[in-house]
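# Tertiary structure, described
Letter by letter, the chains look like this.
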Amino acid sequence: MSPEAVIINKTGRYIVYFTTCDEDLDGTVVRGRTVWKNLDGYLPGETAPLMKFYGFMFVAYMLLGVVWFPRFVRYWKDGIQLHSHVSLVIAFSMYELAFMYSGFAYLDSVGTSPVKATLWAVSFSSARKALSRLLLLALTSGYGLVKPEISGFTPRMLLLGGMCYVISLSLGSAQHFGSLTEDGMTLLMLSWAIMETCFLQWIFRSLWNTLKKLKVNKRNIAKLQLYKNFAVVLVTMVVLNIAWVYVEVYINDSLSELWQVKWMIPAFWYVLAYALLVVICCFWPPTEKPTRYLYVAEMEDEYEEEEQDEDLVLAEAGMKSEDGSNVEREERK
């Protein structure tokens, strides 16, 4: 067959079929190459808007980093481990989006996908997903905020985070390079769904236990209200997550009619993750004296309040005695 060019004059979703009805050709293998190009470049119409979206999200994370990193460097001595974790998530997100944008730009101009840029993008994306989930788990567990350590959970957290990275890396590589069979893809997607379920139930169970612990201590009213507001945000995010899954299934089932909005499926997850990270940065920003949420500061405040209560009791006891009251008070202190 000689090369043939087909000119498309109307926007739509097109499919090329190669068929034959000759029984003598049964089992024949046909090899060929098709080249598709739009007016703006080689990107498919259903994913072309993603290049601009990745660029927009990269700028959004850059702005967040411009606000966050100077404060983090300024107050790093007075900060907590949570701030370092947030900084890592912001940095990995910027690297991921930079490689995603460069990969799409190269594909749009040349017509072939850059393997190295795609591998780096998938690697940073997997690391960002694992770090984000570990951040939520540490935050809802009250690590460094409500209790000084969670030594019994740290190995399990690291193990689950490592599994999340491996599964996400395998799934992302298979989706970009098509190196797995349909059964293999199904197994990876099922593993990812199980992983997400484990993280979700652990995060909400930790959040529930943290709220109960804060309700018992009457001195933690400000911290309790902060966690209540975060719980509302987290529940809202989960509801949006579940609702978007149904939207994603509907779009994929109606792809022939809704192909122009297919790019919104991955875009929504990036917007949701960014919004949640912004909320965390607003709720727990680096400050000079983070007594609103720092565990050590809370213990010092409780110690000072106990001393004040004891002084009040001793003062009342000293008023009842006339001679030697001050000596008795000093000895009791």
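Residues numbered from 1 in each chain as written. Predicted model: local features only at pLDDT ≥ 70, side-chain atom pairs only at ≥ 80, totals over all residues. Heavy atoms only, no water.

## Quick look at the environment of Ser191
Note the threshold: What counts as a helix is a DSSP run of H or I of at least four residues, what counts as a strand is a run of E of at least two, and both are numbered from the N terminus. Exposure categories follow from relative accessible area, calculated using a 1.4 Å probe and restricted to protein chains: below 20% of the type maximum is buried, above 50% is exposed, and the middle band is partly exposed. Any N or O atom pair separated by 3.5 Å or less is treated as a polar contact, with the protein-specific requirement of one donor-capable and one acceptor-capable atom, and with residues adjacent in sequence counted only for side-chain atom pairs.
Here Ser191 shows up in helix H5 (residues 182-216). For Ser191, a relative accessible area of 26% corresponds to the partly exposed category. Separated by 27 residues in the primary sequence, Ser191 and Cys164 place their C-alpha atoms 9.4 Å from one another. There is a polar contact of 2.8 Å between the side chain of Ser191 and the backbone oxygen of Leu187.

## Notes on the nonpolar core
Test applied: Nonpolar cores were defined as sets of buried Ala, Val, Leu, Ile, Met, Phe, Trp, Tyr and Cys residues, with membership established by side-chain atoms within 4.5 Å.
Core analysis: the largest hydrophobic core is formed by 68 residues, its most contacted members being Tyr54, Val86, Ile90, Phe230, Leu277, Ile280 and Trp284. Listed by contribution, the elements that provide at least two residues to this core are helix H1 (49-74), helix H2 (81-110), helix H3 (115-141), helix H4 (154-177), H5, helix H6 (221-253) and helix H8 (264-283). The biggest single contributor to this core is H8, with 12 residues.

## Notes on the packing of H1 against H2
Stated precisely, the cut-off is as follows: Helix axes are fitted to C-alpha atoms over the stretch in contact, other axes to C-alpha atoms as well, and angles between N-to-C directions run from 0 to 180 degrees. Should an angle fall under 35 degrees it is taken as roughly parallel, and over 145 as roughly antiparallel, whereas 65 to 115 is taken as roughly perpendicular and any remaining angle as oblique. For any helix crossing, the convention is left-handed if the near helix is rotated counterclockwise from the far helix by under a right angle, and right-handed if that rotation is clockwise. Under this grouping Gly is polar, as are all residues other than the nonpolar Ala, Val, Leu, Ile, Met, Phe, Trp, Tyr, Cys and Pro and the charged Asp, Glu, Lys and Arg.
Relative orientation of the contacting elements H1 and H2 amounts to 155°, with a least axis distance of 9 Å. As the angle between them shows, H1 and H2 are arranged roughly antiparallel. Along this stretch, H1 crosses H2, giving a crossing that reads as left-handed. Residue composition of the contact of H1 with H2, by class: 21 nonpolar, six polar and one charged.

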